[in-house]
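Commentary on secondary and tertiary structure
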Amino acid sequence: MQANMKMRAKLKGDITEVKVIISHPMETGRKKDDFGQLIAAHFIQIVTATLNEKPVLEMQWGTGVSKNPYLTFYLKGAKVGDKISITWHDNLGETASGEIAVVQA
Amino acid sequence: MLRREFLGVIEACLGAALLLPFRAIAAAWNKAAFEAIKLEDAAKNLAINGENLSKDIEIIAPDKAENGAIVQLEVLSLIPNTEAIAIFVEKNPTALIGNFMFANGALPQIVTRIKMAETSDIKIIVKTGEQYFTASKNVVVLENGCG
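Residues numbered from 1 in each chain as written. Chains lettered and ligands numbered in written order. Predicted model: local features only at pLDDT ≥ 70, side-chain atom pairs only at ≥ 80, totals over all residues. Heavy atoms only, no water.

Focus on the overall build of chain A
- A tally of regular secondary structure across chain A gives zero helices and eight strands.
- Shown N-terminal to C-terminal, the secondary structure of chain A runs as helices and strands in the order β-β-β-β-β-β-β-β.
- Along the longest, intermediate and shortest principal axes, the C-alpha atoms of chain A span 50 × 20 × 20 Å.
- By residue count, 50% of the 105 residues in chain A fall in the buried class.
- Excluding contacts between residues fewer than 6 apart, the proportion of contacts in chain A whose partners are at least 24 apart in sequence is 55%.
- The positive charge centre, built from 13 side chains, and the negative charge centre, built from 11, are 8 Å apart in chain A. (Helix = DSSP H or I, 4+ residues; strand = E, 2+ residues; numbered from the N terminus. Buried < 20%, exposed > 50% of the residue type's maximum accessible area, 1.4 Å probe, protein only. Contact = heavy atoms within 4.5 Å. Lys, Arg positive; Asp, Glu negative; His and termini not counted. Charge placed at Lys NZ, Arg CZ, Asp CG, Glu CD.)

Have a look at this one:
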């Protein structure tokens, strides 16, 4: 399910900048559709980022993260070719992962 | 024990082991903190018991947001040994936006996009060991982002 995630990891100096966009509705459960019916809550709750399978960033999210969540984070000590992967889990039990290799900026 | 029974036990154990990672994660999501309406209650559920104002937390967000559905926010902690950054929007229907926990060389700096229901303070709480530090920034919201 890599298709629902865009990732980029660039090494600049000794810092790697990782950018991620996940396709996800992030529904709060408070919004109504065109017929006045509440749209059920559907949002990512847990996101884990790893560098060569070691956890670097563990996130817990609520409904206040915008639709199609965007995230930038920074790693020290990553090298060109290192693998960064992101896995998310949402409130409906859906999950997906993406992986990318660090490149020189 | 009959061989069939024994295999059944093995199967049950394997099944439980396979299910465990997801259950462990699901259980770890802090439901009480995220469903709390008031910021103080959300913070309490993150085990935050009082925080000190700090000038070493940078919050980069617009002074005015046209659309509260997407407010870009950058947070950077210059406090040594920052373990986690929690983001709150005081006047949202539920105040806690997210909690970001750093390990193994991740720098305490993130950029993300959040929803803001109305003009409010964005409050950041940084965790270092047993201590907590805070900074806030007000953002004027022209259009409700929670629908």
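Remarks on the interface of chain B and chain A
- Chain B puts 32 residues into the contact, and the matching count from chain A is 31 residues.
- Each partner contributes to the roughly 2,800 Å² buried at the junction of chain B and chain A, and carbon and sulfur atoms together form 57% of this total.
- The three residues of chain B that bury the most area against chain A are Trp29(B), Arg113(B) and Lys115(B), which together make up 22% of that side's buried surface.
- Where chain B packs against chain A, one counts zero salt bridges.
- Seen at the junction of chain B and chain A, the total is 19 residue pairs in polar contact (both at pLDDT 80 or more).
- Breaking the side of chain B that touches chain A down by element, the ones donating at least two residues are helix H1 (3–28), strand S4 (71–77), strand S6 (96–102) and strand S7 (106–114) of chain B.
- Examining the composition of the side of chain B that touches chain A, we find that eight residues originate from one element, S7(B), more than from any other.
- Its residues assigned to classes, the side of chain B that touches chain A shows 20 nonpolar, ten polar and two charged.
- Sheet topology note: the strand S5 (residues 70–76) of chain A/S7(B) ladder contains four bridges and is antiparallel. (Buried area = accessible area lost by both parts, 1.4 Å probe. Salt bridge = Lys/Arg side-chain N within 4 Å of Asp/Glu carboxyl O. Polar contact = N/O pair within 3.5 Å; in protein donor to acceptor, adjacent residues only side chain to side chain. Nonpolar A, V, L, I, M, F, W, Y, C, P; charged D, E, K, R; others polar. Pairing = 2+ DSSP bridges.)

A few points about the pairing of strand S4 (residues 54–61) of chain A
- Two strands pair when backbone bridges link them, and strand S3 (residues 44–51) of chain A and S4(A) are joined in this way by six bridges, in the antiparallel orientation. Its bridge partner being in S4(A), Thr48(A) is matched across the sheet by Glu58(A).
- The hairpin turn running from S3(A) into S4(A), its antiparallel successor, is two residues long, and Asn52(A) in that turn takes a positive phi close to 45°.
- Strand direction decides the pairing type here: S4(A) and S6(B), joined by five bridges, are antiparallel. Each residue of the ladder has a partner; that of Leu57(A), found in S6(B), is Phe102(B).

Some details on the nonpolar core
- Phe73(A), Phe88(B) and Ile122(B) are the most contacted members of the largest nonpolar core, which has 68 residues in total.
- Excluding anything up to four places from it in sequence, Ile122(B) contacts Ile59(B), Ala61(B), Leu73(B), Ile87(B), Phe88(B), Val89(B), Ile114(B), Met116(B), Ala135(B), Ser136(B), Lys137(B) and Val139(B). (Core = buried A, V, L, I, M, F, W, Y, C linked by side-chain atoms within 4.5 Å.)

Focus: the environment of Lys6(A)
All names here are of chain A.
- Structurally, Lys6 can be placed in strand S1 (residues 5–12).
- The exposure class of Lys6 is exposed, given its relative accessible area of 64%.
- Sequence-wise, Lys6 and Ile100 are 94 residues apart; in three dimensions their C-alpha atoms are separated by 9.3 Å.
- Filtering out sequence-adjacent residues up to four positions away, Lys6 remains in contact with Lys19, Val20 and Ile21.

Quick look at the sheet that holds strand S2 (residues 57–60) of chain B
- Read across the open sheet, the seven strands follow the order S8(A)-S1(A)-S2(A)-S5(A)-S7(B)-S4(B)-S2(B); overall the sheet is mixed. The open sheet has two free edges, formed respectively by strand S8 (103–104) of chain A together with S2 of chain B, since each of these has just one partner strand.
- Inspection of the sheet shows S2(B) paired to S4(B) by four bridges, in the antiparallel sense. Looking across to S4(B), one finds that Ile59(B) is bridged to Val75(B).

Side note on the confidence of the model for chain B
Residues and elements named next belong to chain B.
- Residue-level pLDDT values for chain B average 87, and 80% of them are 70 or greater.
- Contacts for the low-pLDDT stretch residues 16–27, under 50 throughout, to residues beyond four places or in other chains number four contacts.
- Predicted complex metrics record ipTM = 0.95 and pTM = 0.88. (pLDDT = per-residue confidence, 0-100.)

Focus: the pairing of S6(B)
Residues and elements named next belong to chain B.
- The buried fraction of S6 is high, at six of seven residues.
- Here strand S5 (residues 84–89) pairs with S6 via five bridges, running antiparallel. Note on S6: the bridge partner recorded for Ala86 is Asn99.
- Counted between consecutive antiparallel strands, the loop separating S5 from S6 contains six residues.

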